[in-house]
Amino acid sequence: FPVTILAVVQSGVCATANTPSVTITVNTTITNNTASAPQTICSGSTPAALTGSTPTGGNGSTYTYQWLSSITGSTSGFAAASGTNNIQNYSPSALTQNTWFRRRAVSGVCNADTSLAIQVTVNLPGTWTGATSNAWSNTANWSCPLIPNSTTNVSIPAGVPNMPVISDTQLS
């Protein structure tokens, strides 16, 4: 918000004199800078576009953005995301490992804000989840909806709700 300051100067019995006015604009803190939403994809897939909110504060009208990514974690290792990373929303390219994204918004000379990081979790094919049953041939039981073949490395983590059963007909 702009503030105009004008000083009135008087010395002794002399007439008053006005100084030139000075306008000072105070930019408020940037708020409402969020990115959404976490996703889970299969390795080599392209995540859905990440949506950035419209911030408030700063100079109140102009915002510049930079999307950042990290394969280290949600609080470290961030660098400029690949591709077009300077618009309100961001479309990542295909991923092969867990990746965190956050957005930096700048408005005015001194105001900048960085959103909290969101994670795109990348599942490897061949990881058994047992989410719906013990049927090996049910794609809903796999982290990526593909039934493994003879070249797929299969992982069956401990503690899944259903352990797989392979029938004789599935082996032929």
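Here the structure is shown first, and the text comes after it.
Residues numbered from 1 in each chain as written. Predicted model: local features only at pLDDT ≥ 70, side-chain atom pairs only at ≥ 80, totals over all residues. Heavy atoms only, no water.

A.B. asks: Provide a residue-level description of the side chain of S70, including the pertinent values.
C.D. replies: As for its position among the elements, S70 is in strand β10 (residues 64–70). On the basis of relative accessibility, which here comes to 2%, the residue S70 falls in the buried class. Looking at S70, its side chain comes within polar contact range of the main-chain oxygen of G73, at 3.2 Å. (Helix = DSSP H or I, 4+ residues; strand = E, 2+ residues; numbered from the N terminus. Buried < 20%, exposed > 50% of the residue type's maximum accessible area, 1.4 Å probe, protein only. Polar contact = N/O pair within 3.5 Å; in protein donor to acceptor, adjacent residues only side chain to side chain.)

A.B. asks: Give me the lowdown on the packing of aromatic side chains, citing residues and values where you can.
C.D. replies: One pass over the structure, following the stated rule, counts five aromatic pairs. Judged by centre distance (6.3 Å) and plane angle (20°), the rings of W128 and W136 are stacked. Residue classification places W128 among the buried positions, given a relative accessible area of 1%. By relative accessible area, W136 is classed as buried at 16%. Measuring from ring centre to ring centre gives 4.9 Å for W136 and W142, while their planes differ by 80°; the resulting arrangement is edge-to-face. In terms of burial, W136 and W142 fall into one category: buried. An aromatic cluster is present here, built from W67, Y90 and F101 joined pairwise through their rings. Above the plane of the ring of F78 lies R102, whose end atom (NZ or CZ) is 3.8 Å from the centre. (Phe/Tyr/Trp six-rings, centres within 6.5 Å; stacked < 30°, edge-to-face > 60°. Lys NZ or Arg CZ within 6 Å of the ring centre and 35° of its normal.)

A.B. asks: Quick one: what's the story with the state of the cysteines, residue by residue and with numbers?
C.D. replies: By the definition in use, this model includes one disulfide. With a sulfur-sulfur separation of 2.3 Å, C42 is cross-linked through a disulfide to C144. The disulfide joining C42 to C144 has a torsion of about -130° about its S-S bond and is therefore left-handed. Within this pair, whereas C42 is found in strand β7 (residues 39–42), its partner C144 is found in the loop between β14 (118–123) and α1 (168–171), the two being separated by 102 residues in sequence. For the residue pair C42 and C144, the accessibility class agrees, reading buried in each case. (Disulfide = S-S within 2.5 Å.)

A.B. asks: So what about the pairing of strand β12 (residues 99–107)? Which residues, and what values?
C.D. replies: Where β10 meets β12, seven bridges bridge the pair, whose relative direction is antiparallel. Considered in β12, the bridge of L68 is made with R102. Here three bridges tie β12 to β14, and the two strands are oriented antiparallel to one another. Paired with T99 across the strands is V120, a residue of β14. Here β12 hands over to strand β13 (residues 111–114) after three residues, with G108 in that stretch at a positive phi of 85°. (Pairing = 2+ DSSP bridges.)

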